[in-house]
Structure formats: C-alpha cells, structure tokens
Amino acid sequence: MQVTMCPERAIMEHVTSKWGVLVLQALFDGASWRFSDLRRELEVVSEKMLTQTLRTLERDGFVHREVHPVIPPHVEYTLTPLGKGAASHLVALASWIAANQPEVTQAQEHYDGS
C-alpha cells in the first residue's frame, strides 16, 4: 500500500497541523468555547483558517459543534471523546517539549556551531 493512499496520514495531517494542534490543546480544558473566544485565545489565526480547522476536526470526529437556536446565533465547540484522546497525546507531547527545550536548544547551538 502506498503511503499517500493511507487514510491515517490524512488524519495525522489534520491533528498535527499548526492550527489543529492549537485548537485541540485549547479545547482540552473541557470547557465549551465560542468561536470568537477561541479565535482570541489563538491570537493570530484568521477567521477563515479557524473555520476550516474546526470543520476538518468536526468531520474527523474530534470536535463537537453545538448551535443554540438564539438570535444572534450562538455556537459552541467542545472535544468529543475521540478528540480528548488525541488532545491528551498532544498535551503530553507539549509538556515533554517544554521539559526538554533547554536540551534541544543546546543541541541546536552545538550543531550550529560546528
């Protein structure tokens, strides 16, 4: 089987994309997030990119989108159980990176100096 035909690869790309990682980490706290609050939390993401990322993660079953029937529209995003599982791995990786950042920086400086 060719790697490019592998469905796991597409899922990996969605979860590990720049905005996919940040959205899953933000939603990991368990709270419901409104679109505007999530956009503020992520700071530099465009409205278009956040919309695309949330739709992709919703399609993959990681994010639940709940629309409340009020005016103006009120939409909230939360992680599904599947999303919580994926996000827990990302949070663990982020913690490992933070803990090992000095060693990685030292290795980079050593490499750059050689």
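Please read all numbers here as calculations on a predicted model, not as lab measurements.

What to know about the pairing of strand β3 (residues 74–79)
Item 1. Across the six residues that make up β3, a large majority, five, are buried.
Item 2. Bridge count between strand β1 (residues 33–34) and β3: two bridges; the pairing is antiparallel. Paired with Trp33 across the bridge in β3 is Tyr77.
Item 3. Pairing of strand β2 (residues 63–68) with β3, which is carried by six bridges, proceeds in the antiparallel orientation. What sits directly across from Val63, in β3, is Leu79.
Item 4. Hairpin connection from β2 to β3: five residues lie between these consecutive antiparallel strands.

Details of the side chain of Thr80
Item 1. You can see Thr80 is positioned in the loop between β3 and α5 (81–113).
Item 2. Looking at Thr80, the relative accessible area reads 17%, which means it is buried.
Item 3. Only 2.5 Å separates the side chain of Thr80 from the backbone oxygen of Gly61, close enough to count as a polar contact.
Item 4. Setting aside its immediate chain neighbours within four residues, Thr80 contacts Gly61, Phe62, Val63 and His64.

Definitions and cut-offs
- Residues numbered from 1 in each chain as written.
- Predicted model: local features only at pLDDT ≥ 70, side-chain atom pairs only at ≥ 80, totals over all residues.
- Heavy atoms only, no water.
- Buried < 20%, exposed > 50% of the residue type's maximum accessible area, 1.4 Å probe, protein only.
- Helix = DSSP H or I, 4+ residues; strand = E, 2+ residues; numbered from the N terminus.
- Pairing = 2+ DSSP bridges.
- Polar contact = N/O pair within 3.5 Å; in protein donor to acceptor, adjacent residues only side chain to side chain.
- Contact = heavy atoms within 4.5 Å.

Note that every value here comes from positions in space, so none of it alone points to a role or purpose.
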